[in-house]
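# Chain and residue survey
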Amino acid sequence: MGVDRLETREIGYFIAVAESLHFGRAAERLGIAQPGLSRAIGRLERRMRVRLFERTSRQVRLTRAGEVFLRESRTVLAAIDGAVRRTQQAARPERLVVAAPAGAGAGLLARVLETYRRGPDPVPVEVRFTPDLAGALREGTADLALMCGSDDLDGLDTVELLDEAPVALLPAGHRLADRAALTAGEVRDEPRFRAHLPPVGLDELIDRVALGELVVVLGESAIPRLGPAVVAVPVLDAPSSRLVLAWPRATPAAAREGLVRAALATAR
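Nothing here was measured: the structure is a model prediction, and the numbers come from that model.

In this section: the pattern of salt bridges. Within this structure, the stated rule accounts for 17 salt bridges. Close ionic contact of aspartate 157 with arginine 249 constitutes a salt bridge, the shortest N to O distance being 3.3 Å. In this pair, aspartate 157 is assigned in strand E6 (residues 156-164) and arginine 249 in the loop between strand E10 (241-248) and helix H9 (254-267), connecting sequence segments 92 residues apart.

This is the structure:
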């Protein structure tokens, strides 16, 4: 049996049981009667010719095949949700949503948008800061994303923009702020160092560093945004960040092509 013969309703029923491992709680979550849910799961197993659950009087647990089907089912529903959102976006007045991580390529992104807005037929652009850039593209909540080349780029088209040298951002009075350079180990040993940045804009990130709440490593393009309260010190042995512009594969958009051209021209 092919996946095309399954209904999303059946997949949703399966996921509810698989996540709760209890038919009664799953039925309550779905707002349906438990006997009907049990029959639906039984029909699904017969159609697939695979046992998805091991049932006893005391417990319900996934079989190995059920674990695989749960992972694949979540992927299928996420893809459908993304397709719906992208379709809804196509029906609205054209605009572009660009996802970006806090701090990465901030100066570059500002210059790219300035170049794009001076070009022919620009559309409104909204920038959203998020740590899950690939997820924003796959879910359809962003049209493009400024990403690192080491990120998860599976299923995405990309263009390479530039490499950024890493710098540590420190409060101006910090004991390491007057150093000519630092090692990655010295930065990691700082009690306020955060490897994973909070999902906030660059200006707020810089403010938190200035207040002594954070020590972070960003690309050198953040330097022009720093005020006197924050110092950038090169991190010699940390890898550089290759910045790319990414978008979902095989999703044509005239406005996006204009922004990609502006990004390449700015990076050159």
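Here the focus is the sheet that holds strand E9 (residues 230-234). The 3 strands lie next to each other as E8-E7-E9, forming an open sheet whose pairing is antiparallel. Strands at the two margins of the open sheet, each flanked by one partner only, are strand E8 (216-219) and E9. For this sheet, the mean angle separating the axes of adjacent strands, direction not counted, is 40°. Contacts from helix H8 (residues 202-210) reach strand E7 (166-171), E8 and E9, with the element oriented near 55° to E7.

We now examine helix H1 (residues 8-20). For H1, with 13 residues, the first-to-last C-alpha span of 18 Å sits near the 18 Å given by 1.5 Å per residue. Every buried residue of H1 is accounted for by Glu10, Ile11, Tyr13, Phe14, Ile15, Ala16, Val17, Ala18 and Ser20.

Before going further, it helps to examine the side chain of glutamate 190. Tracing the sequence through the fold places glutamate 190 in the loop between helix H7 (184-188) and H8. Here the side chain of glutamate 190 touches arginine 175 through a polar contact of 2.6 Å, side chain to side chain. Once you skip the residues sitting within four places of it in the chain, glutamate 190 turns out to touch His174, Arg175 and Leu176.

Reading across the sheet, the 5 strands line up as E4-E3-E5-E10-E6 and stay open at both edges, with mixed pairing between neighbours. Edge positions in the sheet fall to strand E4 (125-129) and E6, since each of these pairs with one other strand and no more. Neighbour-to-neighbour, the strand axes of the sheet open up by a mean angle of 25°, direction not taken into account. Across 2 bridges, strand E3 (residues 96-100) lies against strand E5 (residues 144-148) in parallel orientation. By the bridge assignment for E5, alanine 99 is matched with alanine 145.

Applying the stated criterion across every chain yields a total of 3 aromatic pairs. Between the aromatic rings of phenylalanine 14 and phenylalanine 69, the centroid separation amounts to 4.8 Å while the plane-to-plane angle is 50°, which identifies the pairing as tilted. With phenylalanine 14 in helix H1 and phenylalanine 69 in helix H4 (residues 64-91), this pair connects stretches of sequence that are 55 residues apart. Owing to a relative accessible area of 12%, phenylalanine 69 belongs among the buried residues under this scheme. When the ring of phenylalanine 23 is compared with that of phenylalanine 53, the centres are 6.1 Å apart and the planes differ by 65°; the resulting orientation is edge-to-face. Separated by 30 residues along the polypeptide, phenylalanine 23 in helix H2 (residues 23-30) and phenylalanine 53 in strand E1 (residues 53-55) bring together distant segments of the chain. What makes phenylalanine 53 buried here is its relative accessible area of 0%. Within the aromatic cluster, the residues linked to one another by ring pairs are Phe14, Phe23, Phe53 and Phe69.

Counting buried positions over the 5 residues of E3 gives 5, a clear majority of the element. Because side chains alternate across E3, one face comprises the buried residues Leu96, Val98 and Ala100, and the other comprises Val97 and Ala99, equally buried.

Between H1 and H2, the least distance of the axes is 8 Å, while the angle of their chain directions is 130°. As judged from the angle between their axes, H1 and H2 are oblique. Where H1 crosses over H2, the two elements pack in a sense that is right-handed. Of the residues in H2, those in contact with Gly12, Tyr13, Ile15, Ala16, Val17, Glu19 and Ser20 of H1 are Phe23, Arg25, Ala26, Arg29 and Leu30. Looking at the contact of H1 with H2 residue by residue, the classes come out as 7 nonpolar, 2 polar and 3 charged.

With 14 residues, H9 ought to run about 20 Å at 1.5 Å a step, and its terminal C-alpha atoms sit 20 Å apart, in line with that. Among all positions of H9, only Ala255, Arg256, Gly258, Leu259, Val260, Ala262, Ala263 and Thr266 are buried.

All right, on to the nonpolar core then. Grouped together as the largest cluster of nonpolar side chains are 23 residues, with contacts concentrated most on Leu96, Tyr116, Val125, Leu144, Leu161, Leu245 and Leu259. For this core, the secondary-structure elements that each account for two or more residues are E3, helix H5 (106-118), E5, E6, E10 and H9. With residues up to four places along the chain from it excluded, the contact list for valine 125 reads Leu96, Val98, Leu113, Tyr116, Arg117 and Leu259. In terms of nonpolar packing, the next biggest core, distinct from the first, is built from 21 residues, Phe23, Ala26, Leu44 and Phe69 among them.

Parameters and conventions
Residues numbered from 1 in each chain as written. Predicted model: local features only at pLDDT ≥ 70, side-chain atom pairs only at ≥ 80, totals over all residues. Heavy atoms only, no water. Salt bridge = Lys/Arg side-chain N within 4 Å of Asp/Glu carboxyl O. Helix = DSSP H or I, 4+ residues; strand = E, 2+ residues; numbered from the N terminus. Pairing = 2+ DSSP bridges. Axes fitted to C-alpha atoms, helices over the stretch in contact; angles between N-to-C directions. Contact = heavy atoms within 4.5 Å. Expected span 1.5 Å × (residues − 1). Buried < 20%, exposed > 50% of the residue type's maximum accessible area, 1.4 Å probe, protein only. Polar contact = N/O pair within 3.5 Å; in protein donor to acceptor, adjacent residues only side chain to side chain. Phe/Tyr/Trp six-rings, centres within 6.5 Å; stacked < 30°, edge-to-face > 60°. Parallel < 35°, antiparallel > 145°, perpendicular 65-115°, else oblique. Left-handed = near helix turned anticlockwise from the far one by under 90°. Nonpolar A, V, L, I, M, F, W, Y, C, P; charged D, E, K, R; others polar. Core = buried A, V, L, I, M, F, W, Y, C linked by side-chain atoms within 4.5 Å.

It is worth stressing that arrangement in space is one thing and function is another; only the former is reported here.
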